[in-house]
Amino acid sequence: MRPLTAVLTRGFDPALSVGSARPAVFRSSTYVFTSPEAAERAFAIAGGRSQAMPGEHVDLIYSRFNHPNAEILEDQIVPLEKGAKAAVVFNSGMAAIMTSILAFARPGDRIVYTVPLYGGTQHLIHEFLEPFGIRGTAVRAGRGAELVEAIEKTENLRVVLIETPANPTLMMTDIRQAVEAAGRCGSRPLVMVDNTFLGPTFQHPLALGADVCLYSGTKYLGGFSDMLSGVALTADASLVKTIKARRGLFGNILQPDECWMLDSRLPTVNLRMNKASKNAQRIAERLAGHAQVEKIHYPSLFEDADQIRIRDAQCDYPGAMMSLELRGGKPAAFDFLRRLRLARNAVSLGGVETLVCHPKSTTHSSVSAEELEIAGVTDGLVRMSIGIEDWRDLLGDFEQALG
Ligand SMILES: Cc1ncc(COP(=O)(O)O)c(C=O)c1O
């Protein structure tokens, strides 16, 4: 079955939702066991002391561990991510990132990560993981040789965290190259890729050999800026088991209502992303020559040969995220935001509506000035998440705001 069919047909049995064509919402926090023996068996499997037999019916236990809407969503999202065998859903993208890292890394382990990185993730590394004893090494996106060296030379390396394209400069990292470097390590670190900007439609990290594909489901998967969620997908189902065990301890599973909402958004994610990407490409190509725009960061307009190589090797389409560096620094950026009439000045991205923000003073404000400079997050940089409106209206709005 192809992905667009699978997403609408697998993982859901109408007979279990009193014949309803779409899944019911199961709001129960706890589940009645079919027998004390079945309860014992369910706990043995949940605790990792036993394995479910193929086709075995295992009783549900308690909604912090698992519930029907999470099971349906996890089953239906798998075919959207090429190479995925299993998924685990969380109540935010940060929860997905934190839980996946802490499922495998212990104090004393090291993590190598690319920069720029979503400000919240970088803050998580500095404010929590490092004081906890998991030290991080930052490598600039686009510096392939430096990333390979960091992977090969860092002792006790447990996780390589790649965000590509990077938020907010769209710099790309070669996933396959990182996977190959990880494979040369004595004890192979896990390669985790935050695929929020281009997945699941235009980039497939698991098919390139990555171990964990991470999402802020709040963005394109959710698609309407009305819910938070996070997802981790893996090609090796045993990794998901380990992550789920941590999720059960942390208590950050996505709630039934949100699972149901996200589930209903999955069949349209390809339609929404394709439309938004076409819009963005038209807009980016027209804004590129604008007198007020010093530089535009957008995959179809890359000039660096290595960035073009990575784009062509791992991305199907350029996507709908872009950043403009405006002449005149922060005042010019703030003026631009103030003058927008259709696009909204808000953080977040991936919704059907166009959102624009100034990363240095918002999403990346917790990152040090030095790190921002290294990562290329400048005063004049505005990040745009292009939606599915008529692109001509959006272009008109940007041109009048620039003018
Ligand atoms: C690339 C990226 N990863 C992760 C996150 C965090 O996701 P959430 O806000 O759903 O926790 C964000 C949020 O903006 C993001 O842009």
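Look up a bit, the structure's there.
Residues numbered from 1 in each chain as written. Predicted model: local features only at pLDDT ≥ 70, side-chain atom pairs only at ≥ 80, totals over all residues. Heavy atoms only, no water.

> What exactly am I supposed to notice about the pairing of strand 12 (residues 381-385) here?
Looking along a regular strand, one sees side chains alternate from face to face of the sheet. With 5 of its 5 residues buried, strand 12 lies for the most part within the structure. Looking at chain direction, strand 9 (residues 321-326) and strand 12 are connected through 5 bridges and run antiparallel. Within the sheet, the bridge partner assigned to Met 322 lies in strand 12 and is Met 384. Pairing between strand 11 (residues 355-357) and strand 12: 3 bridges, direction antiparallel. By the bridge assignment for strand 12, Leu 355 is matched with Ser 385. (Buried < 20%, exposed > 50% of the residue type's maximum accessible area, 1.4 Å probe, protein only. Helix = DSSP H or I, 4+ residues; strand = E, 2+ residues; numbered from the N terminus. Pairing = 2+ DSSP bridges.)

> In this structure, what is going on with the sheet that holds strand 9? I would like to understand it.
Pairing between the strands of a sheet is mediated by backbone hydrogen bonds and can be parallel or antiparallel. Here we have 5 strands laid out as an open sheet, ordered 8-9-12-11-10, and mixed in their pairing. Across the chains shown, the open sheet's two edge strands, defined by having one partner strand only, are strand 8 (293-297) and strand 10 (344-345). Those strands touched by helix 10 (residues 269-287) are strand 8, strand 9 and strand 12, and its axis lies near 15° from that of strand 9. Contacting strand 9, strand 10, strand 11 and strand 12, helix 12 (residues 329-339) crosses the sheet at an angle of about 125° to strand 9. (Contact = heavy atoms within 4.5 Å. Axes fitted to C-alpha atoms, helices over the stretch in contact; angles between N-to-C directions.)

> Can you walk me through the site of the ligand in this structure?
The local shell around the ligand holds 14 residues, among which Met 94, Asp 194, Ser 216, Thr 218 and Lys 219 are the closest. Measuring from an oxygen atom of the ligand, one finds a backbone N or O atom of Gly 93 at 2.9 Å. Between Met 94 and the ligand, the recorded distance is 2.8 Å, taken from a backbone N or O atom to an oxygen atom. Taking 390 Å² as the accessible area of the ligand by itself, protein coverage stands at 92%. (Near = heavy atom within 4 Å. Polar contact = N/O pair within 3.5 Å; in protein donor to acceptor, adjacent residues only side chain to side chain. Areas by Shrake-Rupley, 256 points an atom, 1.4 Å probe, with all protein chains shown as cover.)

> Would you take a moment to explain the pattern of salt bridges for this structure?
Side-chain pairs of opposite charge can arise where the charged atoms are in close proximity. Under the criterion given, the structure shown has 17 salt bridges. As a salt-bridge pair, Glu 146 and Arg 143 come within 3.2 Å of each other at their nearest N and O atoms. Residue class for Glu 146 comes out partly exposed when judged on its relative accessible area of 37%. In this structure Arg 143 comes out as partly exposed when scored by relative accessible area, which is 34%. A salt bridge links Arg 309 to Asp 306; its shortest N-O distance comes to 2.8 Å. (Salt bridge = Lys/Arg side-chain N within 4 Å of Asp/Glu carboxyl O.)

> Explain a nonpolar patch on the surface here, please?
On the surface, Phe 33, Phe 43, Tyr 62 and Phe 65 cluster together to form a nonpolar patch covering roughly 340 Å² of accessible area. Considering the arrangement of structural elements, one finds Tyr 62 in the loop between helix 2 (36-46) and helix 3 (68-77). Classification of Tyr 62 as partly exposed rests on a relative accessible area of 35%. (Patch = residues over 30% accessible without salt bridge, like charges linked within 9 Å, V, L, I, M, F, W, Y side chains within 5 Å.)

> Looking at this structure, how should I read the nonpolar core?
Most often, soluble globular proteins have nonpolar side chains that are buried together. Ranked by size, the top nonpolar core spans 62 residues in total, and within it Leu 233, Met 322, Leu 324, Phe 336 and Phe 398 carry the most contacts. Considering every element that reaches this core, the biggest residue donor is helix 10, with 7 residues. Once residues within four sequence positions are removed from consideration, Leu 324 is found in contact with Leu 287, Val 293, Lys 295, Ile 296, Phe 336, Gly 380, Leu 381, Val 382 and Met 384. The next biggest cluster of nonpolar side chains, apart from the first, holds 34 residues, and it includes Phe 104, Leu 190, Val 212 and Leu 214. (Core = buried A, V, L, I, M, F, W, Y, C linked by side-chain atoms within 4.5 Å.)

> Looking at this structure, how should I read the pairing of strand 2 (residues 110-115)?
Counting buried positions over the 6 residues of strand 2 gives 6, a clear majority of the element. On strand 2, burial covers both faces: Arg 110, Val 112 and Thr 114 on one face and Ile 111, Tyr 113 and Val 115 on the other are all buried. Note: strand 2 against strand 3 (residues 135-140), 6 bridges, orientation parallel. Following the sheet pairing, Ile 111 is matched in strand 3 by Gly 136.

Nothing here speaks to function; it is geometry throughout.
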